[in-house]
Amino acid sequence: MKPTVMIVEDEASLATMLRYNLEKEGYNVTEAADGEEAVTVADETPPDAVILDWMLPRMSGIEVCRQLRRKNETRGVPIIMLTARSEETDKVRGLNVGADDYMTKPFSMPELVARVRALLRRAKPSQAKGQLVFGDILLDLDAHKVSRGGKYIHLGPTEFRLLQYLMERPGTVFSREELLNGVWGPDIYVEPRTVDVHIRRLRKALNLDNGADVIRTVRAAGYALDNSDEPVA
Ligand code: CA
């Protein structure tokens, strides 16, 4: 799955240049030209990283940042804030609104792309190691294998991707639609009930030896990888 980078920038020429360079790097790009649109776009397609201009029409970058941090889907998303030299860079730093990095305009495009790459790497450190761990469950991305308590567990390809998706964001509750988007992809039409079927299979496979159930069903909301008995590794 390609990481999605959301560009929030009202200067059209800069937005176009950012899109060009990020797509060249192999990222999916979404765009918003003002603060309110940014919140909507992030709702529709939760980004893996955000490039956020500080001076925006309708809602400032600071407020966008706050709103993204309030939502489950975007709480942990890395954000790079863009400020003009004349604008209040120090104030932005001082406000500490939850941006992960700052760049002052004009900036070098290769440097920005490098910082996006670094933030994405830091945001998903487990992917770099090729392993995800949750309690006694180990998902090996390189070997494409899952084990629990040292015992190998056989999973179908969809269950594997579903588990990977949940293990990358433990504790987060996902609706069926979000899981469909994240695991099956936004372009594929599948009945939301299909998610239930695969969750059931995944649960059965994981709980084979009467292990604690790590998938929490949240009534009317969806599913989360969660287990109060076992600490998140
Ligand atoms: Ca601006």
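Residues numbered from 1 in each chain as written. Predicted model: local features only at pLDDT ≥ 70, side-chain atom pairs only at ≥ 80, totals over all residues. Heavy atoms only, no water.

A. Representation of the packing of helix α7 (residues 157–168) against helix α8 (residues 176–184) in the model. Two elements in contact, α7 and α8, have axes separated by 10 Å at closest approach and are oriented at 110 degrees. Taken together, the axis directions place α7 and α8 in an arrangement best described as roughly perpendicular. For the crossing formed where α7 meets α8, the hand is right-handed. Here α7 contributes T158, R161, L162, Y165 and L166 to the contact with α8, which in turn contributes E178, L179, G182, V183 and W184. (Axes fitted to C-alpha atoms, helices over the stretch in contact; angles between N-to-C directions. Helix = DSSP H or I, 4+ residues; strand = E, 2+ residues; numbered from the N terminus. Parallel < 35°, antiparallel > 145°, perpendicular 65-115°, else oblique. Left-handed = near helix turned anticlockwise from the far one by under 90°. Contact = heavy atoms within 4.5 Å.)

B. Spatial organisation of the sheet that holds strand β7 (residues 137–140). Reading across from one edge, β6-β7-β8-β9 is the order of the four strands in this open sheet, with antiparallel pairing throughout. Pairing within the sheet leaves two strands with one partner each, and these edge strands are β6 (131–134) and β9 (151–153). On average, each strand axis in the sheet is inclined to that of its neighbour by 25 degrees, with strand direction left out of account. Relative to β7, β6 is paired through four bridges, and the arrangement is antiparallel. Its bridge partner lying in β7, Q131 is registered against D140. Packing of α7 onto the sheet brings it into contact with β6, β7 and β8 (145–148), and relative to β7 it is tilted by some 115 degrees. (Pairing = 2+ DSSP bridges.)

C. Inspection of the coordination of the calcium ion at higher detail. Here the calcium ion is held by D10 (OD), D53 (OD) and M55 (O), and the distances to it run 2.1 to 2.4 Å. Donor residues for the calcium ion, ordered by position in the chain, follow D-x42-D-x1-M. (Donors = N, O, S within 2.8 Å, 3.2 Å for Na, K, Ca; no water.)

D. Representation of unusual backbone geometry within the structure. Of the consecutive residues K105 and P106, the connecting peptide bond is found in the cis state with omega at -5 degrees. With respect to the helices and strands, P106 occurs in the loop between β5 (101–105) and α5 (109–123). Positive phi, close to 70 degrees, is recorded for R58, a residue that is not glycine. The topology assignment puts R58 in the loop between β3 (49–53) and α3 (61–70). Its identity as a non-glycine residue notwithstanding, H144 has a phi of 55 degrees, on the positive side. Looking at the secondary structure, you find H144 in the loop between β7 and β8. On the basis of relative accessible area, H144 is assigned to the partly exposed category, the value being 48%. (Buried < 20%, exposed > 50% of the residue type's maximum accessible area, 1.4 Å probe, protein only.)

E. The packing of aromatic side chains, seen in detail. On inspection of all chains with the given rule, the structure shows one aromatic pair. Here the aromatic rings of Y165 and F174 are separated by 5.0 Å at their centres, their planes lie at 55 degrees, and the arrangement is tilted. The side chain of K145 reaches across the aromatic face of Y152, ending 6.0 Å from its centre. (Phe/Tyr/Trp six-rings, centres within 6.5 Å; stacked < 30°, edge-to-face > 60°. Lys NZ or Arg CZ within 6 Å of the ring centre and 35° of its normal.)

F. Here's a closer look at the layout of surface pockets. Computed from the structure, the second largest pocket encloses a volume of approximately 160 Å³. Counting only elements with at least two residues in the lining of the second largest pocket, the list comes to β9 and α9 (192–206). It is β9 that provides the largest number of residues to the lining of the second largest pocket, a total of three residues. (1 Å grid on protein atoms, 1.4 Å probe; cavity = no way out; pocket = protein on both sides within 12 Å on 5 of 7 lines; lining within 4 Å. Points joined across faces, edges and corners; volume = space filled by probe spheres on them.)

G. View of the sheet that holds β3. If you walk across this open sheet you meet the five strands as β2-β1-β3-β4-β5, and the pairing is parallel. Strands with a single pairing partner mark the edges of an open sheet, and in this sheet they are β2 (28–32) and β5. Between one strand and the next, the sheet's axes are offset by a mean angle of 20 degrees, whatever the strand orientation. Both strand β4 (residues 79–84) and β5 contribute to a ladder of five bridges, which runs parallel. Considered in β5, the bridge of M81 is made with Y102. Here helix α2 (residues 35–44) sits on the sheet in contact with β1 (4–8) and β2, set at roughly 145 degrees to β2. Its contacts with the sheet place α5 against β1, β3, β4 and β5, and it is angled at close to 170 degrees to β5.

These figures come from the coordinates and say nothing about function on their own.
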